[in-house]
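Here is how the chains run, residue by residue.
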2 protein chains.
Amino acid sequence: MNFCSQCGQAVEQKVPAGDSRPRYVCGHCDTIHYQNPNIVAGCIPVHDGRILMCRRAIEPRYGRWTLPAGFMENGEAVEEAATRETREEACAIVSNLQLYTVTSIVHVDQVQMLYLADLPHAKFAAGEETLEVALFSEDEIPWDQLAFETIHNALEFYFADRKNGTFPLRHIRIERNCRSQHSQPDHNAKKQQAHR
Amino acid sequence: MNFCSQCGQAVEQKVPAGDSRPRYVCGHCDTIHYQNPNIVAGCIPVHDGRILMCRRAIEPRYGRWTLPAGFMENGEAVEEAATRETREEACAIVSNLQLYTVTSIVHVDQVQMLYLADLPHAKFAAGEETLEVALFSEDEIPWDQLAFETIHNALEFYFADRKNGTFPLRHIRIERNCRSQHSQPDHNAKKQQAHR
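Residues numbered from 1 in each chain as written. Chains lettered and ligands numbered in written order. Predicted model: local features only at pLDDT ≥ 70, side-chain atom pairs only at ≥ 80, totals over all residues. Heavy atoms only, no water.

(A) The overall build of chain A, seen in detail. In terms of regular secondary structure, chain A is built from three helices and 12 strands. Scored against the burial criterion, the 196 residues of chain A give a buried share of 53%. Sequence-distant contacts, at least 24 apart, represent 57% of the contacts inside chain A between residues at least 6 apart. (Helix = DSSP H or I, 4+ residues; strand = E, 2+ residues; numbered from the N terminus. Buried < 20%, exposed > 50% of the residue type's maximum accessible area, 1.4 Å probe, protein only. Contact = heavy atoms within 4.5 Å.)

Spelled out as structure tokens, the structure:
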């Protein structure tokens, strides 16, 4: 950031009064330009036990397989963003969304929120940002052609949890070195609940 | 937004090629300035069945009671943001965080994520943005002096769920008219899981 988006003058980086972090501040109109993480919302669309995946037609990871997901927009709820991205990228209509993974991708300032979703009808097609769309059973997943670590994690969790028949929320933190730390499933935290 | 934060020239609002929404676009350096929702992260700190709350020393809602929460910063995970805000606003150290409410506040482009958390020691004090901090039992909650609808919702859910001894994730959407829509607890969605 070089200039103030309000008045057009040059900004400087400094810690505003009462703050503890450097911000881009305009010395002319005193606007403080905060920068915060973005939400990426998406779905794990499930039809008859198979997962709907998209092959990316855009960078990064052109040609790699991913789940339908993208940046949440102003004026919508997270669940609406996940549904919209699935419609836009896979031309698919999902229902019964259940929040399943919340992944803080710290080094890129993103929080990815993926929902388990029902794909009632096997109707789908490639959207503008997609080369092809397909349903994959567990043994068909293109593990070595996945676009992102977060997609790999979500699919691993899904197939493991499906064996148990329950899908606890998965809370994940990924750092720059791309090792990820998985918390315990939230609602299995018996000890916490005992305190309450 | 009036000017490009990259080159300082005036921006215009238009729908970029391949996009479906109007964005602020710089005709000089072609930068597209996306605007997306922010995450507000916080805690419901619980000590011996009582909830730690803060009375706001800042606008909006100066003097009203709230839960420790604030904007997630770049370079941190959601859970870290909730822990930090609790430390900054209530000088309190929480542990065993469990994501409990995810509220899309559509008309202000925010997603509030509140965690149930243990407050092992009843040690707390007013931070810079707080007038006072106190522990409240269910019958002591200042319901008519709460700062935000989201805080009211979270506390209502908490005391209701505590009677059942389980705290399912609560997925909420609030619109401008301030009526809120509550989804079913996610992990009670038996029908969905049966499909999987």
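(B) Structural detail: the pairing of strand β2 (residues 23-26) of chain A. All names here are of chain A. Side chains of β2 alternate between two faces, with Arg23 and Val25 and Tyr24 and Cys26 buried alike. When strand β1 (residues 11-14) meets β2, the two strands line up antiparallel, connected through four bridges. Bridge pairing in β2 links Val11 to Cys26. Where β2 lies against strand β3 (residues 32-33), two bridges are found, and the strand directions are antiparallel. Bridging across to β3, Val25 finds its partner in Ile32. Linkage of β2 to β3, two consecutive antiparallel strands, is achieved through a turn of five residues, within which Asp30 is found at a positive phi near 65 degrees. (Pairing = 2+ DSSP bridges.)

(C) The arrangement of the pattern of salt bridges in detail. All names here are of chain A. Applying the stated rule across the entire model yields 28 salt bridges over all chains. Linking Glu12 and Lys14 is a salt bridge whose minimum nitrogen-to-oxygen distance equals 4.0 Å. By relative accessible area, Lys14 is classed as partly exposed at 40%. Notably, a salt bridge pairs Glu85 with Arg84, separated by 3.0 Å at the nearest N-O pair. Accessibility classification places Glu85 together with Arg84 in one group, the buried group. (Salt bridge = Lys/Arg side-chain N within 4 Å of Asp/Glu carboxyl O.)

(D) View of the domain arrangement of chain A. When its domains are assigned, chain A resolves into domain 1 (1-35) and domain 2 (38-182). Averaged C-alpha coordinates put domain 1 of chain A and domain 2 of chain A at centres separated by 36 Å. (Domains from an automatic or database assignment.)

(E) Representation of the interface of chain A and chain B. Across the boundary between the two partners, chain A contributes 59 residues, which contact 59 residues of chain B. The junction of chain A with chain B conceals about 5,200 Å² of combined surface from both sides, 44% of it contributed by carbon and sulfur atoms. Connecting chain A to chain B are eight salt bridges. Note that Glu73(B) is salt-bridged to Arg23(A), the shortest N-O span being 2.5 Å. Contributions of two or more residues to the side of chain A that touches chain B are made by β4 (38-47), α1 (78-90), β8 (95-105), β9 (110-118), α2 (149-164), β11 (170-174) and α3 (190-195) of chain A. Among the residues making up the side of chain A that touches chain B, the classes are represented as 23 nonpolar, 21 polar and 15 charged. (Buried area = accessible area lost by both parts, 1.4 Å probe. Nonpolar A, V, L, I, M, F, W, Y, C, P; charged D, E, K, R; others polar.)

(F) A look at the sheet that holds β3(A). Taken in spatial order, the three strands make up an open sheet running β1-β2-β3 (chain A), and their pairing is antiparallel. Across the chains shown, the open sheet's two edge strands, defined by having one partner strand only, are β1 and β3 of chain A.

(G) Quick peek at the environment of Asp118(A). Residues and elements named next belong to chain A. Along the chain, Asp118 turns up in strand β9. Judged by its relative accessible area of 3%, Asp118 is buried. Taking the C-alpha atoms as reference points, Asp118 and Ser95, 23 residues apart in sequence, are found 5.2 Å from one another. A distance of 2.8 Å separates the side chain of Asp118 from the side chain of Asn96, its partner in a polar contact. (Polar contact = N/O pair within 3.5 Å; in protein donor to acceptor, adjacent residues only side chain to side chain.)

(H) Geometry of the sheet that holds strand β3 (residues 32-33) of chain B. Read from one edge of the open sheet, three strands run β1-β2-β3 (chain B), paired in antiparallel fashion. The two strands at the open ends of the sheet, each matched to only one other strand, are β1 (11-14) and β3 of chain B.

(I) Summary view of α2(A). Over its 16 residues, α2(A) runs 23 Å from end to end, which matches the ideal 22 Å to within 8%, given 1.5 Å per residue. Listed in full, the buried residues belonging to α2(A) are Thr150(A), Ile151(A), Asn153(A), Ala154(A), Leu155(A), Phe157(A), Tyr158(A), Phe159(A) and Asp161(A). (Expected span 1.5 Å × (residues − 1).)

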